[in-house]
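Here is how the chains run, residue by residue.
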Amino acid sequence: MCPTPDDEPVNGQTNGHANGHANGNGASNGQNGGFRGIETHKKPHQVSSNPYAPTQDFLSNISNFKIIESTLREGEQFANAFFDTETKIKIARALDDFGVDYIELTSPAASEQSRKDCETIAKLGLRAKTLTHVRCNMSDAKMAVETGVDGVDVVIGTSSHLMEHSHGKDMTYIKETAIEVIEYVKSCGKEIRFSSEDSFRSDLVDLLSLYQAVDKIGVNRVGIADTVGCATPRQVFDLVRTLRGVVSCDIETHFHNDTGCAIANAYCALEAGATHIDTSVLGIGERNGITSLGGLMARMIVADRDYVKGKYRLEKLKEVEDLVAEAVEVNIPFNNPITGFCAFTHKAGIHAKAILNNPSTYEIITPSDFGMSRYVHFASRLTGWNAIKSRAEQLGFNMSDAQIKSVTVKIKALADVRPLAIDDADSIIRNFHFNLHSDKERPLLELTPAEKEAFAAKEKELNGVAEKRELDAEVDEQSEQPVAKKSRNATVA
Ligand SMILES: CC(=O)SCCNC(=O)CCNC(=O)[C@H](O)C(C)(C)COP(=O)(O)OP(=O)(O)OC[C@H]1O[C@@H](n2cnc3c(N)ncnc32)[C@H](O)[C@@H]1OP(=O)(O)O
Ligand SMILES: O=C(O)CCC(=O)C(=O)O
Ligand SMILES: [Zn+2]
């Protein structure tokens, strides 16, 4: 079922907002010197059921999926990534704390340190199972088993591109070697997954026959990988659904984001019956990466809030993202699902009014589920009087609607001249309120002479427009009245 988020009070976590945003709990956002925000939590979400709940059939795993977290494998393939042992341990522990099911590690064949790091992480005693990811040959498989990880993820390219230009082996060789490796890993008591690289550009009949063969000998999971990010959600659904009919083992899926479909593809894979999704924190990986952990959480909480909230410690997401962002020296993208700095900021007046009444109007995800705060912007030319009224109340000022509308005109006029900071909007409100009750007039804001001139002109313009609108409304009302009367009379007659 889709969420019907109860609008719990926000927890005041700071998330680095720029100018003009109010947070929902009166806490400082860390950048604007301790402003108080608009309290939106007084009004509860009023949606009791969601008509957009996903349709699921009996094969769907939308409400029962596992995460194979690959920041320490795929993520290490991100151009900027270098994880020393200490950092790997921190990331592994943070992911474990978050609640991922598996942690996948770089191949021990990659380097001596990679091998040692597999051993170290396998010994940490994490709740999550540890995996390492190796090529489909006996030498890599032996190395993997010896590291002490819980399971081995074996992969080999099956598209003509990779068979020809990467490893040079044909399908017969792949099948024989896969069987040898799987039987060996199983005989060591380890979990074993067999995956094809570039599955979506592989021959379907060959692929299914290969998966059928490995399923028959008891592989724990087979994997499908969109290695080049070419697959569409519909193609993903079709392939996973077909595979679901061919194998009885679990199905893992791995989606690259070259064409921006990584999260959607993961979702479709679950709809079709995949059981496991590969993720990495912030989506880091080869090229522009794979399905991001946070993005998947955003997508899945909308599909089944109880499952996602019950299984993962969502309030830890920001912490683990910050940790990885720092380790690979990138910023969290502004539009990142959940933790992007404006992911829960509502700006336009129409949105702000509705959000202040009921956050479910313009929010499908409840920020507090992730320990995040909601912000209502009130310092721009798009701000409306409802947002200003809310802000004025928050500042402790009691003003009539007419007064609020006048001060809104002033804020808009100045916002037409230059960008406003929260403090600017607050000063205008504060000084406007002061002037209402005092003989001495305070300037609304310290302005340069040029700004003063531009502001006066804008205010005049806006007031002119407002007056004209009021006049037009009066005329409309007068011209409509007789019609209304007539129709009422006619009905009565
Ligand atoms: C799509 C993916 O992300 S798959 C995972 C990618 N991960 C990695 O590559 C891990 C890091 N890699 C490495 O450190 C190195 O590439 C190693 C240690 C694995 C191999 O290094 P090298 O022996 O120097 O080979 P190199 O990297 O140049 O080429 C890859 C070799 O693996 C072989 N190979 C590639 N894929 C596979 C596979 N899935 N199964 C078996 N062999 C494979 C290639 O044929 C090639 O062997 P060859 O040139 O000796 O014939
Ligand atoms: O092992 C897998 O399933 C995926 C390997 C990989 O990273 C890819 O194909 O992009
Ligand atoms: Zn990949």
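About the thresholds
- Residues numbered from 1 in each chain as written.
- Chains lettered and ligands numbered in written order.
- Predicted model: local features only at pLDDT ≥ 70, side-chain atom pairs only at ≥ 80, totals over all residues.
- Heavy atoms only, no water.
- Near = heavy atom within 4 Å.
- Polar contact = N/O pair within 3.5 Å; in protein donor to acceptor, adjacent residues only side chain to side chain.
- Areas by Shrake-Rupley, 256 points an atom, 1.4 Å probe, with all protein chains shown as cover.
- Phe/Tyr/Trp six-rings, centres within 6.5 Å; stacked < 30°, edge-to-face > 60°.
- Helix = DSSP H or I, 4+ residues; strand = E, 2+ residues; numbered from the N terminus.
- Buried < 20%, exposed > 50% of the residue type's maximum accessible area, 1.4 Å probe, protein only.
- Lys NZ or Arg CZ within 6 Å of the ring centre and 35° of its normal.
- Pairing = 2+ DSSP bridges.
- Right-handed = clockwise from strand over helix to strand, strands pointing away.
- Donors = N, O, S within 2.8 Å, 3.2 Å for Na, K, Ca; no water.
- Nonpolar A, V, L, I, M, F, W, Y, C, P; charged D, E, K, R; others polar.
- UniProt positions renumbered as here; feature names shortened; annotations may be inferred.
- Contact = heavy atoms within 4.5 Å.
- Axes fitted to C-alpha atoms, helices over the stretch in contact; angles between N-to-C directions.
- Parallel < 35°, antiparallel > 145°, perpendicular 65-115°, else oblique.
- Left-handed = near helix turned anticlockwise from the far one by under 90°.
- Arc of directions from axis to C-beta.
- Expected span 1.5 Å × (residues − 1).

Student: What should I look at first to understand the site of ligand 1 in this one?
Tutor: Taken together, 13 residues sit near ligand 1, with Gln77, Arg135, Cys136, Val155 and Ile156 positioned nearest. Separating an oxygen atom of ligand 1 from a side-chain N or O atom of Arg73 is a distance of 3.4 Å. Val155 places a main-chain nitrogen or oxygen 2.8 Å from a nitrogen atom of ligand 1. Here ligand 1, which alone exposes 990 Å², has 51% of that area covered by the protein.

Student: How do you make sense of the packing of aromatic side chains when you look at a structure like this?
Tutor: For any pair of aromatic rings, geometry is given as the distance between the ring centres together with the angle between the planes. Counted according to the given criterion, the structure contains five aromatic pairs. Note on Phe194 and Tyr211: the rings are 6.5 Å apart at their centroids and 70° apart in plane angle, and the pair reads as edge-to-face. Here Tyr211 lies in helix H6 (residues 204–216) and Phe194 lies in strand E6 (residues 191–197), a separation of 17 residues in the sequence. The same class applies to Phe194 and to Tyr211, which are both buried. Three or more aromatic residues link up through ring pairs in this structure, and these residues are Phe65, Phe98, Tyr307 and Tyr312. Positioned above the aromatic ring of Trp385 is the side chain of Lys405, whose terminal nitrogen or guanidinium carbon lies 4.5 Å from the ring centre.

Student: Would you mind going over the pairing of strand E5 (residues 151–157) with me for this structure?
Tutor: Regular strands show a simple pattern: their side chains alternate between the two faces of the sheet. The element E5 is extensively covered by neighbouring structure, given that seven of its seven residues are classed as buried. Side chains of E5 alternate between two faces, with Gly151, Asp153, Val155 and Gly157 and Val152, Val154 and Ile156 buried alike. As paired strands, strand E4 (residues 129–135) and E5 are joined by five bridges and run parallel to one another. Considered in E5, the bridge of His133 is made with Asp153. Regarding topology, helix H3 (residues 138–146) serves as the crossover connection from E4 to the parallel E5, and that connection is right-handed. Judged from the seven bridges that link them, E5 and E6 form a sheet pairing that is parallel. Its bridge partner lying in E6, Val155 is registered against Ser195.

Student: For this particular structure, what's the right way to read the coordination of the zinc ion (ligand 3)?
Tutor: Ideal geometry at a metal gives 109.5 degrees between four tetrahedral donors and either 90 or 180 degrees between six octahedral ones. Donor atoms from the polypeptide that coordinate the zinc ion (ligand 3) comprise Glu74 (OE), His254 (NE2) and His256 (NE2), at 2.0 to 2.1 Å from the metal. Between the donor residues of the zinc ion (ligand 3), the gaps in sequence give the motif E-x179-H-x1-H. Judged by relative accessible area, which is 7%, His254 ranks as buried. Among the residues examined, His256 registers a relative accessible area of 4% and is labelled buried.

Student: Explain the site of ligand 2 to me, please; I cannot follow it from the model alone.
Tutor: Inspection of the region around ligand 2 gives Arg73, Glu74, His133, Val155, Arg193, Ser195, Glu197, Ala225, Thr227, His254 and His256 as its neighbouring residues. Taking Glu74, its side chain carries an N or O atom lying 2.9 Å from an oxygen atom of ligand 2. Between an oxygen atom of ligand 2 and a side-chain N or O atom of Thr227, the distance comes to 2.6 Å. Classifying every residue of the shell around ligand 2 by side-chain character gives two nonpolar, five polar and four charged.

Student: When you look at the UniProt feature "domain: Pyruvate carboxyltransferase" (unreviewed entry) in the chain in this model, what are you seeing that I'm missing?
Tutor: Under the local residue numbering, the UniProt record ascribes the feature "domain: Pyruvate carboxyltransferase" (unreviewed entry) to residues 65–318. Taken end to end, residues 65–318 comprises 45% helix and 18% strand; its first and last C-alpha atoms sit 22 Å apart.

Student: How do you make sense of the side chain of Ser196 when you look at a structure like this?
Tutor: As for its position among the elements, Ser196 is in strand E6. Among the polar contacts listed, one links the side chain of Ser196 to the side chain of Ser199, at a separation of 2.7 Å. For Ser196, the contacting residues outside a window of four places in its chain are Val155, Ile156, Thr158, Leu207, Tyr211, Gly223, Ile224 and Ala225.

Student: What exactly am I supposed to notice about the packing of helix H5 (residues 171–187) against H6 here?
Tutor: In a pair of packed helices, the angle between the axes and the distance between the axes together describe the arrangement. For the pair H5 and H6, the least separation of the axes is 10 Å and the interaxial angle reads 20°. Relative to H6, the element H5 is oriented roughly parallel. By crossing handedness, the relation of H5 to H6 is classed as right-handed. Together, Met171, Ile174, Lys175, Ala178, Ile179 and Ile182 of H5 and Asp206, Ser209, Leu210, Ala213 and Val214 of H6 make up the contact between the two elements.

Student: Mind showing me how you'd approach the environment of Thr232 here?
Tutor: Structurally, the position occupied by Thr232 is in the loop between strand E7 (221–226) and helix H7 (233–244). Remark: the alpha-carbon pair of Thr232 and Ser196, spanning 36 residues in sequence, is separated by 18 Å.

Student: Before we go on, may I ask you to explain H3 in this structure?
Tutor: Side chains of residues three or four places apart in an α-helix project in the same direction, reflecting 3.6 residues per turn. Of the positions making up H3, those classed as buried are Met138, Asp140, Ala141, Ala144 and Val145. Each buried residue of H3 lies within a common arc of 160° when the element is viewed along its axis, so the set occupies one face. Away from the buried face of H3 by more than 90 degrees, exposed residues Ser139 and Glu146 are located. Among the structural elements, E4, E5 and H5 are those in contact with the buried residues of H3. A side-chain oxygen of the first residue of H3 lies 3.3 Å from the backbone nitrogen of Ser139; this N-cap is Asn137. Of the residues trailing H3, Gly148 is marked for its positive phi of about 90°.

Student: Please explain H7 as it appears in this structure.
Tutor: With 12 residues, H7 extends 16 Å between its outermost C-alpha atoms, agreeing within 8% with the 16 Å of an ideal straight helix rising 1.5 Å per residue. Every buried residue of H7 is listed here: Val236, Leu239, Val240, Leu243 and Arg244. One face of H7 carries all of its buried residues, which in axial projection span an arc of 135°. If you follow the buried residues of H7, they end up packed against H6, E7, strand E8 (250–255) and helix H8 (262–272).

Student: Hey, could you run me through the packing of helix H13 (residues 385–394) against helix H14 (residues 401–417) in this one?
Tutor: For the pair H13 and H14, the least separation of the axes is 9 Å and the interaxial angle reads 110°. Here H14 runs roughly perpendicular to H13, going by the angle between their axes. Where H13 approaches H14, its residues Trp385, Ile388, Lys389 and Ala392 are matched on the opposing element by Asp401, Ile404, Lys405, Val407, Thr408 and Ile411. Grouping the constituent residues of the contact of H13 with H14 by class yields six nonpolar, one polar and three charged.

Student: I would appreciate a short explanation of the sheet that holds strand E2 (residues 66–69) in the present structure.
Tutor: Neighbouring strands of a sheet are bound in pairs by backbone hydrogen bonds; such pairs are parallel or else antiparallel. Read around the closed barrel, the eight strands follow the order E2-E3-E4-E5-E6-E7-E8-E9; overall the barrel is parallel. For this sheet, the mean angle separating the axes of adjacent strands, direction not counted, is 25°. One ladder, built from six bridges, connects E7 with E8; its direction is parallel. Bridging from a neighbouring strand, Ile224 pairs with Thr253 of E8. Along the sheet face, H3 touches E4 and E5 and points at about 160° away from the line of E4.

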